[in-house]
There are 2 protein chains.
Amino acid sequence: MLVLVGLGLYSPKDLSLRGLEAVKNADKVYAELYTSFISGGVEEISKTTKRKVIELSRSDVEEGAVKLLNEAKDGDVVLLVAGDPMVATTHTDLLLRARNEGISVSVIHSSSIISAASETGLQSYKFGKTTTLPYPEKGYKPTSPYDVVRENKVRGLHTLCLLDIKREQEKYMTVGEGINVLLDIAAEKKQDVFTKNTLCVGVARLGAEDTVIKAGKAEQLIKQDFGGPPHALIVPGKLHFTEEEALKLYSL
Amino acid sequence: MLVLVGLGLYSPKDLSLRGLEAVKNADKVYAELYTSFISGGVEEISKTTKRKVIELSRSDVEEGAVKLLNEAKDGDVVLLVAGDPMVATTHTDLLLRARNEGISVSVIHSSSIISAASETGLQSYKFGKTTTLPYPEKGYKPTSPYDVVRENKVRGLHTLCLLDIKREQEKYMTVGEGINVLLDIAAEKKQDVFTKNTLCVGVARLGAEDTVIKAGKAEQLIKQDFGGPPHALIVPGKLHFTEEEALKLYSL
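Residues numbered from 1 in each chain as written. Chains lettered and ligands numbered in written order. Predicted model: local features only at pLDDT ≥ 70, side-chain atom pairs only at ≥ 80, totals over all residues. Heavy atoms only, no water.

Peer 1: Help me understand the overall build of chain A, please; the structure alone is not making it clear to me.
Peer 2: Helix and strand content of chain A: ten helices and twelve strands. Its C-alpha atoms give chain A a radius of gyration of 19 Å, within 12% of the compact-globule value 18 Å for 252 residues. Residue pairs in contact within chain A that sit at least 24 positions apart in sequence constitute 74% of those at least 6 positions apart. Of the roughly 10,400 Å² of accessible surface on chain A, a fraction of 49% belongs to carbon and sulfur atoms. Where the 32 positive side-chain charges of chain A centre and where its 34 negative ones centre are 3 Å apart. (Helix = DSSP H or I, 4+ residues; strand = E, 2+ residues; numbered from the N terminus. Rg over C-alpha atoms; globule rule 2.2 N^0.38 Å. Contact = heavy atoms within 4.5 Å. Areas by Shrake-Rupley, 256 points an atom, 1.4 Å probe, with all protein chains shown as cover. Lys, Arg positive; Asp, Glu negative; His and termini not counted. Charge placed at Lys NZ, Arg CZ, Asp CG, Glu CD.)

Okay, here's the thing in structure tokens:
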């Protein structure tokens, strides 16, 4: 059996009681962390769960997690992932492949930025499609995140922008870098849906004890230091008055 | 201090380790469950956390949770709520009011249907705005959920429909009842965005050990028994081929 267990938002203490139980009962425990941030990393997970936890590399997972699936045929294998395990398409694909191979799979959910983003006071049901802002790379500079922001804005909806993480290079996109990615696309597209005057909300370390939430114009937020990872960026749509009230608490 | 602690998706075991710690350290522990379902209710929460847990009634909360806020001025008060505490607007409002009164508030997030819905294989980033289907009441029969489904569909996005819960009357809307709510609005509006042939995905008890996921036409799903609460309904938008593959696993 394969059990996908969510580590939650920030530290191994965001693991649920059910998740901890699954880890304790497993024959083998893996963690896949290369596109995410968990405070203290695999060492802290081992300490919290009192189990040996084997970290998977990017190639382990990209090569289809064959070893993992084979082991799940004969024993109980836990794969720990940051946030809720079902948010990343890699894991929905893995679940599908396992089920197609006749391996039973269960999922233990956990906290995720997708719902936690409303700690900003922006109401959950007013978020539209989510997008991810990637580090611009040679030959890969998608403009789709900008289109998502625009389409959501047209409908008055908020956009949660997840920010790229390349843990192997210790690169965690900051709120400021995220804003610059959007400004760059806007400049290229010659559109003004997102400008330096656009209201943005930056969040850092949701779920930690030192969460930071700040609201202000894009050009103001760029200059702010949000501290360590992970960060996320929200581009609000039309604000309800209680949302306005809430953002005042975090205003620069 | 007021600590809003998420109980997560299904049972008190979905509480995070951090959440449990907060409950153990609190001076007083309340639970607000009247619009939600937690398996075993307040008794099971008490058993799991080994703390006395006081259940708040609807009137306690609607009258502004004044007692709760007053107590949070002098001591550490935990308010337990189902799912992630920030998904319901009641709790973002409470957080705002507490902060405006100078009470420090912290949030301990947990698993939520908002992200867990992707256990169906439907990709998280392809969900649009979320909606809630209410039990039709005299003088209250909103058509907005239908509009949400339509607007999402136009953009190819999935719609998560949360289903009404009136725990005091032990009414938990089923997948079939939810589909009928949408069909009724469609009939009234004389529109065919949602018909008895529309592909739907019904889920029951996500996060439990006996989760049920079924995909099929609206008229087929109406006839299915999904078992006990809570249920949720998803109206998919345009399917990616991996999403199609996944839904085949759950097809009627």
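Having put the structure on the table, let's press on.
Peer 1: Teacher, can you tell me more about the sheet that holds strand β3 (residues 54-56) of chain B here?
Peer 2: Within a sheet, each strand pairs with its neighbour through backbone hydrogen bonds, oriented either parallel or antiparallel. Residues and elements named next belong to chain B. Across the sheet, five strands lie side by side as β3-β2-β4-β1-β5; this open sheet has parallel pairing. Lying at the two open borders of the sheet, with one neighbouring strand each, are β3 and β5 (105-108). Adjacent strand axes in the sheet meet at a mean angle of 25°, parallel and antiparallel pairs treated alike. (Pairing = 2+ DSSP bridges. Axes fitted to C-alpha atoms, helices over the stretch in contact; angles between N-to-C directions.)

Peer 1: I would appreciate a short explanation of the interface of chain A and chain B in the present structure.
Peer 2: Interface extent is often summarised as the accessible area lost during association of the parts. Between chain A and chain B, the contact holds 53 residues from the first and 53 residues from the second. Roughly 4,400 Å² of surface becomes buried between chain A and chain B when both sides are summed, with 56% attributable to carbon and sulfur atoms. The tally of links between chain A and chain B comes to four salt bridges. Across the pair Glu151 of chain B and Arg155 of chain A runs a salt bridge whose closest N-O atoms are separated by 2.9 Å. Counting the contacts that link chain A with chain B gives 20 residue pairs in polar contact (both at pLDDT 80 or more). Sorting the residues of the side of chain A that touches chain B by element identifies α1 (17-25), α5 (89-100), α6 (113-116), α7 (144-154) and α10 (241-249) of chain A as the ones contributing at least two each. No other element matches the seven residues that α5 of chain A contributes to the side of chain A that touches chain B. Within the side of chain A that touches chain B, the residues separate by chemical class into 21 nonpolar, 18 polar and 14 charged. (Buried area = accessible area lost by both parts, 1.4 Å probe. Salt bridge = Lys/Arg side-chain N within 4 Å of Asp/Glu carboxyl O. Polar contact = N/O pair within 3.5 Å; in protein donor to acceptor, adjacent residues only side chain to side chain. Nonpolar A, V, L, I, M, F, W, Y, C, P; charged D, E, K, R; others polar.)

Peer 1: Would you mind showing me how to read the pairing of strand β7 (residues 159-163) of chain A here?
Peer 2: Along a regular strand, successive side chains alternate from one face of the sheet to the other. Residues and elements named next belong to chain A. Of all five residues that make up β7, four are buried, and the element is covered over most of its length. The sheet contact formed by β7 and strand β12 (residues 231-235) spans four bridges and is antiparallel. Paired with Cys161 across the two strands is Leu233, which belongs to β12. (Buried < 20%, exposed > 50% of the residue type's maximum accessible area, 1.4 Å probe, protein only.)

Peer 1: Is there a simple way to explain the sheet that holds β12 of chain A in this structure?
Peer 2: Residues and elements named next belong to chain A. Pairing is mixed in the open sheet, where five strands are placed in the order β6-β7-β12-β10-β11. Edge positions in the open sheet fall to β6 (131-133) and β11 (212-217), since each of these has one partner strand only. Within this sheet the neighbouring strands show an average axis-to-axis angle of 25°, counted without direction. Taken together, the four bridges between strand β10 (residues 199-204) and β12 define a ladder with antiparallel strand orientation. What sits directly across from Val201, in β12, is Ile234. Packed on one face of the sheet, helix α8 (residues 175-189) meets β6, β7, β10 and β12 and runs near 45° to β12.

Peer 1: Whenever I open this one, unusual backbone geometry confuses me. Can you help?
Peer 2: Most peptide bonds are trans, and most residues other than glycine sit at a negative phi. Cis geometry is found at the peptide bond from Pro229 of chain A to Pro230 of chain A, where omega equals -5°. Here Pro230 of chain A lies in the loop between α9 (218-222) and β12. If you check the backbone angles, Lys50 of chain A has positive phi at about 55° while not being a glycine. Position of Lys50 of chain A relative to the elements: it lies in the loop between α2 (41-49) and β3 (54-56). By relative accessible area, which is 69% here, Lys50 of chain A ends up exposed. In this model, Lys190 of chain B sits at a positive phi of 55°, which is unusual for a non-glycine residue. Mapped onto the fold, Lys190 of chain B is located in the loop between α8 (175-189) and β10 (199-204).

Peer 1: Looking at this structure, I do not really get the pattern of salt bridges. What am I missing?
Peer 2: Opposite charge on two side chains allows them to pair when their charged atoms are near. Residues and elements named next belong to chain B. Across all of its chains, the model carries 26 salt bridges over all chains by this definition. One salt bridge in this structure joins Lys73 and Glu101, with 3.4 Å as the shortest N-O distance. Residue Lys73 is found in helix α4 (residues 66-74), and its partner Glu101 is found in the loop between α5 (89-100) and β5; the two are separated by 28 residues along the sequence. Residue Lys73 is classed as partly exposed on the basis of its relative accessible area, which comes to 45%.

Peer 1: Before we go on, may I ask you to explain the environment of Ser111 of chain A in this structure?
Peer 2: Looking at the element boundaries, Ser111 of chain A is found in the loop between β5 (105-108) and α6. What makes Ser111 of chain A buried here is its relative accessible area of 1%. Along the sequence, Ser111 of chain A and His91 of chain A sit 20 residues apart, while their C-alpha atoms lie 16 Å from each other. When neighbours within four sequence positions are excluded, Ser111 of chain A is seen to be in contact with Gly8, Leu9, Asp14, Gly83 and Asp84 of chain A together with His109, Ser110 and Ser111 of chain B. Looking at Ser111 of chain A, its side chain comes within polar contact range of the main-chain nitrogen of Leu9 of chain A, at 3.2 Å.

Peer 1: It is not clear to me how the nonpolar core should be interpreted in this structure. Could you clarify?
Peer 2: The nonpolar side chains of soluble globular proteins are, as a tendency, buried together. Core analysis: the largest hydrophobic core is formed by 84 residues, its most contacted members being Leu2 of chain A together with Leu2 of chain B. Beyond its immediate stretch of four places on either side in the chain, Leu2 of chain A contacts Leu68, Leu69, Ala72, Val77, Leu79, Leu94, Ala98, Ile103, Ser104, Val105 and Ser106 of chain A. (Core = buried A, V, L, I, M, F, W, Y, C linked by side-chain atoms within 4.5 Å.)

Peer 1: I keep staring at the side chain of Thr120 of chain B and nothing clicks. Help me out?
Peer 2: All names here are of chain B. Counting through the fold element by element, Thr120 comes out in the loop between α6 (113-116) and β6 (131-133). Residue Thr120 is classed as buried on the basis of its relative accessible area of 1%. Polar contacts involving the side chain of Thr120 include one to the main-chain amide nitrogen of Leu122, which spans 3.3 Å. Beyond its immediate chain neighbours, meaning those up to four positions away, Thr120 contacts Val201, Val203, Ile213, Ile234, Ala246, Leu247 and Tyr250.

Peer 1: What's the story with the packing of helix α7 (residues 144-154) of chain B against α8 of chain B in this structure? I'm lost.
Peer 2: When two helices pack together, their arrangement is given by the angle between the helix axes and the distance between those axes. Residue and element names in this part refer to chain B. Here α7 crosses α8 at 90°, and the two axes come no closer than 9 Å. Between α7 and α8, the angle is such that the two are roughly perpendicular. Of the residues in α8, those in contact with Pro145, Tyr146, Asp147 and Val149 of α7 are Leu182, Ile185, Ala186 and Lys189. (Parallel < 35°, antiparallel > 145°, perpendicular 65-115°, else oblique.)

Purely geometric stuff here, so don't read any function into it on its own.
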